[in-house]
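For reference, the chains in residue letters:
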Amino acid sequence: MMGRRERGRGQLFYAFDLDKVVPADHLVRQIDGVLDLDWVHKELAPYYSHTGRPSIDPVLMIRMLIVGYVFAIRSERQLCSEVQVNLAYRWFCQLSIEDGIPDHSVFSRARHERFRQSDTLRRVFESVVAKCIAAGLVGGEGFSIDASLIRADVDKNKRLPGDQPISWPRAEEASRAVREYLTALDAAQSGAENNEDDDKFDGGSRRKPPKEVSLTDPLAAWVARKNTDPFFAYDANYLIDNKAGIIVDAEGTRANRIVEIAITRTMLDRVRQRFHIRPQRLAADTAYGAVRLLKWLVDRKIAPHIPVWDKSARSDGTLSRADFIFDPEHNVYICPGGKLLHTTGTVIDGHTLRYRASKRDCDTCALKPQCSPNTPMRQIPRDVHEDARDVARALAKTEAYEQSRRERKKVEMRFAHMKRIFRLDRLRLRGLSGAKDEVLLTATAQNLRRLVKLLCRPPPSTAVPCAA
């Protein structure tokens, strides 16, 4: 007989336990078991007034943000709606069935003021990394680094050439992203953005104006690549530990190769200071093979498993620098004809030595048409830190290097998950600070899901809560 549900008068009183309706193996339970936010109130206390109306609990806002990024809910308005109706989200956010949900507008003020002033989101990220380290998921021996472009939230048609003057609105009338750009521009012009060491590290302070400037988000970089339509973008930079693919540091930056190289040094130093970890080797692609980064790594006894960025090879059929042998003991190059190239020791452009052959030797050499057909004698430039390139070239012939190259695929997988599963293929927040926030929160969500996946694996037939 077909059953039919009785529709009598409803109960006047209900006994409802939210904890009982959330399954024991639900992802929010597993994440709650490893997430520690006890420090938040003390950390943010100096940024709140002691008088006035009570604000929204910052722990609640952080938990809601984590829900949004873990479950790829990109809109804060949609996030508030989902927490309103989803019992598991309510349980994770420590809300009762009767508690109200904060308005989506409160997230903006918290992000742009208290969270950024106190660096709260980075503290949340680092606390999750610390949990991963404590769980034995970080080996600390081999790291990999890479950057991935993320489209900025702008209309690319609203742009002007970077070499022409732009009439920006007054600060009080400008958007937050434009004010951030103008502040950075003032800092750069006053010399506060880069110190002398950074200029040396980046290869000098010669900077060209950007090709295109977005009128909506001026700090976004114009990216024009072969076979793709140009677009404005930021970079997501990930530094991962190769053991389990845990992201040990993350940073949103402008999409610029010089910035990518410089942020590598920053992230490695930050991991060392925060977690007392310095890797034995670092894997990266050719974009990170600049000589100054290689030198920085070698000086700190970090093996650079990185292809050397070297543009000395010639395409006209003449002999390249690789055809000459460098003798470090006598500080000379030996040409294929057996003659020596010497240097005066004068450093050109702050980082280059020039080795010259004797004109007399070149005039009588049978290889001159193939070596220096257009100059009286052959000259070879050598960077003052070329020895670091030699170290990287020697490491490229080892089995450990090949192993690092295979492990480096894990950082590419993190980027694939970031864009496909966590839906960060386009930023929602504008400005560099917005890019930093989104990259940090996405990396936090990735680490949380990775952590509970490796720690909270139930038996095939029985679901149990995470014991972490």
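Residue positions within a chain follow its written sequence, with the count starting from 1. Selection of residues for local features in this predicted model requires a pLDDT of at least 70, selection of side-chain atom pairs for listing and counting requires 80 or more, and totals for whole chains, interfaces and linings are taken over all residues. By convention in this description, side-chain values take in all heavy atoms of the structure and omit both hydrogens and water.

S.K.: Can you break down the nonpolar core residue by residue, with the values?
M.R.: Definition used in this section: a nonpolar core is a set of buried Ala, Val, Leu, Ile, Met, Phe, Trp, Tyr and Cys residues joined via side-chain atoms within 4.5 Å. Remark: exposure states derive from per-residue accessible area (1.4 Å probe, protein chains only) relative to the maximum for the residue type, with buried under 20%, exposed over 50%, and partly exposed in between. Residues Met64, Phe92, Tyr238, Leu239 and Leu282 are the most contacted members of the largest nonpolar core, which totals 105 residues. Counting 12 residues, the second largest nonpolar core, distinct from the first, contains Tyr333, Leu341, Ala357 and Ile380.

S.K.: Outline the pairing of strand β1 (residues 142-151), listing residues and values.
M.R.: Helix and strand labels come from DSSP, where a helix needs a run of H or I of at least four residues and a strand needs a run of E of at least two; each type is numbered from the N terminus. With 9 of 10 residues buried, β1 is to be regarded as a mostly interior element. Being paired, for any two strands, means DSSP has found at least two bridges between them. Relative to strand β5 (residues 231-241), β1 runs antiparallel, the two being bridged by 9 bridges. Each bridged residue has a counterpart across the sheet, and for Phe143 the counterpart in β5 is Asp241.

S.K.: Pulling in residues and values, what's your account of the sheet that holds strand β12 (residues 352-357)?
M.R.: The antiparallel open sheet is built from 5 strands, whose spatial order is β9-β10-β11-β12-β13. Among the strands making up the open sheet, the edge pair consists of β9 (325-327) and β13 (379-383). Strand-to-strand twist across the sheet, computed as the mean angle between neighbouring axes with direction ignored, equals 30°. Of the pairings in the sheet, the one linking β12 to β13 comprises 5 bridges and is antiparallel in character. Where helices are involved, their axes are fitted lines through C-alpha atoms of the stretch in contact, as for all axes, and angles between N-to-C directions lie from 0 to 180°.

S.K.: Describe the pattern of salt bridges, listing the residues and the values that go with them.
M.R.: One speaks of a salt bridge when a side-chain nitrogen belonging to Lys or Arg is within 4 Å of a carboxyl oxygen belonging to Asp or Glu. All told, the structure shown has 30 salt bridges when counted by the stated rule. The salt bridge partner of Asp153 is Arg426, with a shortest N-O separation of 3.6 Å. Taken together, the residues span a long stretch of sequence, with Asp153 in the loop between β1 and β2 (159-161) and Arg426 in the loop between α17 (409-420) and α18 (431-455) at a distance of 273 residues. When its relative accessible area of 22% is taken as the criterion, Asp153 is described as partly exposed. According to the relative accessible area criterion, Arg426 is partly exposed, its value standing at 34%. Among the ionic pairs, Glu251 bridges to Lys436, the shortest N-O distance being 2.5 Å. Here Glu251, found in strand β6 (residues 247-254), pairs with Lys436, found in helix α18; they are 185 residues apart in sequence, far enough to count as distant. Residue Glu251 is classed as buried on the basis of its relative accessible area, which comes to 8%. Residue classification places Lys436 among the partly exposed positions, given a relative accessible area of 28%. Through salt bridges that share partners, Asp310, Arg321, Arg382, Glu386, Arg389, Asp390 and Arg393 make up one connected network.

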